[in-house]
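Read off the chains here:
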Amino acid sequence: GVRLTAAAFTNLGRDHMDYHPTVEHYLGAKMRLFSELLEPGQQVVINTDGAYAAEATAVANARGLRVITVGRSGETLRRLSLKNEGFAQVMRVEAQGRTYSIALPLVGAYQAENALTAAGLAIAAGEDIEPVLAALNHLHGVPGRLEIVGEAKGGLAIVDYAHNPEALAAALEACRPFVSGKLISVFGCGGDRDKGKRPLMGQISAEKADVTIVTEDNPRSEQPAAIRAEILAGAKGAKEIGDRAEAIRAAVAMMDKGDVVLVAGKGHETGQIIGDRVIPFSDHEELRHALESH
């Protein structure tokens, strides 16, 4: 029921395994956008830095779609460099033989990838390259996506929606350049969802953060302690604090100068699903309260 002008492929990771038996099956479902819904001759934007970019490009070409590529090996928008500057990133992009410098007011390499992909979509829809790239200097971040909530004792507190292995790794990697002390990770895994990702996420946090606190995240009908145990199986040396608000307070209490606290999993959500009830809960509010008390 939707008339499409263009579509984009950002990346694909392990998610929705409660619906799809394999990641490849999940990719196949996504690719119906290119193979069935777009018409031959319409445009597709591919983020060349994203996982499964080559597979998505092959599907687009087979359908007879016109492909725009962006990223480090992009032909339409080539990302020449990306470096942190304060709580922003400076990105140099080559387009139509010219080089543009963009002060992107967002943190994290994946946000730079998404910004270039969005720019590609605007260009595919008929906008001129120069004003599109100029607009990237004035972007506002999406609530709950690598969102800086506040500071305390010289440390930084961030909320992110990451709830699968690839997203958690990307979020922790995005935080690392801002850490001169320790990186503290607080996360859990949802109940009645893919169990296979739990130890993987535990391992990722244990490897990429200096301190890991495993807590609850929408346990639904499962026993929260059982979910935490499955995460902890992959997270050597992690701390376990079941109550999510208490876990956030504990992370902030550990903060010192140069530290970054990342609370991952719920992002913009304002409820915690326990059993068949939704209990009001916001990572933002809990983090703000904890920061104010320190």
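Residues numbered from 1 in each chain as written. Predicted model: local features only at pLDDT ≥ 70, side-chain atom pairs only at ≥ 80, totals over all residues. Heavy atoms only, no water.

## A word on the overall build of the protein chain
Line of reasoning, step 1. Helices and strands together make up the secondary structure of the protein chain, namely nine helices and 14 strands.
Line of reasoning, step 2. What you see for the protein chain is a C-alpha radius of gyration of 20 Å, in line with the 19 Å of a compact globule of 294 residues.
Line of reasoning, step 3. If one aligns the C-alpha atoms of the protein chain with their principal axes, the spans along those axes are about 55 × 40 × 30 Å.
Line of reasoning, step 4. A total of 294 residues make up the protein chain; the buried ones form 49% of that total.
Line of reasoning, step 5. By sequence separation, contacts in the protein chain at least 24 residues apart represent 66% of the contacts at least 6 residues apart.
Line of reasoning, step 6. Within the structure as shown, the protein chain displays about 13,600 Å² of accessible surface, and the carbon and sulfur contribution to it stands at 49%.
Line of reasoning, step 7. The centroid of the 31 positive side-chain charges in the protein chain is displaced by 2 Å from the centroid of its 38 negative side-chain charges. (Helix = DSSP H or I, 4+ residues; strand = E, 2+ residues; numbered from the N terminus. Rg over C-alpha atoms; globule rule 2.2 N^0.38 Å. Buried < 20%, exposed > 50% of the residue type's maximum accessible area, 1.4 Å probe, protein only. Contact = heavy atoms within 4.5 Å. Areas by Shrake-Rupley, 256 points an atom, 1.4 Å probe, with all protein chains shown as cover. Lys, Arg positive; Asp, Glu negative; His and termini not counted. Charge placed at Lys NZ, Arg CZ, Asp CG, Glu CD.)

## Some details on the sheet that holds strand 6 (residues 98-104)
Line of reasoning, step 1. The strand order across the open sheet formed by six strands is 1-2-3-4-5-6, and the pairing between neighbours is mixed. Of all strands in the sheet, those bounded by a partner on one side alone are strand 1 (6-9) and strand 6. Taken over all neighbouring pairs, the strand axes of this sheet differ in orientation by 20 degrees on average, direction set aside.
Line of reasoning, step 2. Direction of pairing for strand 1 relative to strand 2 (residues 43-47): parallel, over a ladder of four bridges. Looking across to strand 2, one finds that Ala-8 is bridged to Val-45.
Line of reasoning, step 3. The strands that helix 2 (residues 53-63) touches are strand 1, strand 2 and strand 3 (66-71); relative to strand 2, the one it contacts most, it runs at about 170 degrees. (Pairing = 2+ DSSP bridges. Axes fitted to C-alpha atoms, helices over the stretch in contact; angles between N-to-C directions.)

## A short note on helix 3 (residues 109-124)
Line of reasoning, step 1. Helix length check: helix 3, at 16 residues, gives a terminal C-alpha distance of 23 Å against a target of 22 Å (1.5 Å per residue), a fit within 8%.
Line of reasoning, step 2. Turning to helix 3, its buried residues are Tyr-110, Gln-111, Ala-112, Glu-113, Ala-115, Leu-116, Thr-117, Ala-119, Gly-120, Ile-123 and Ala-124.
Line of reasoning, step 3. Residue Gly-126 follows helix 3 closely and has a positive phi angle near 110 degrees. (Expected span 1.5 Å × (residues − 1).)

## Some thoughts on the environment of Ala-157
Line of reasoning, step 1. Locating Ala-157 in the fold gives a position in strand 8 (residues 155-160).
Line of reasoning, step 2. In this structure, the C-alpha to C-alpha distance between Ala-157 and Ala-6, residues 151 residues apart in sequence, is 37 Å.
Line of reasoning, step 3. In this structure, Ala-157 is in contact with Glu-147, Ile-148, Val-149, Gly-150, Met-255, Val-261, Leu-287 and Leu-291, ignoring residues within four places of it in sequence.

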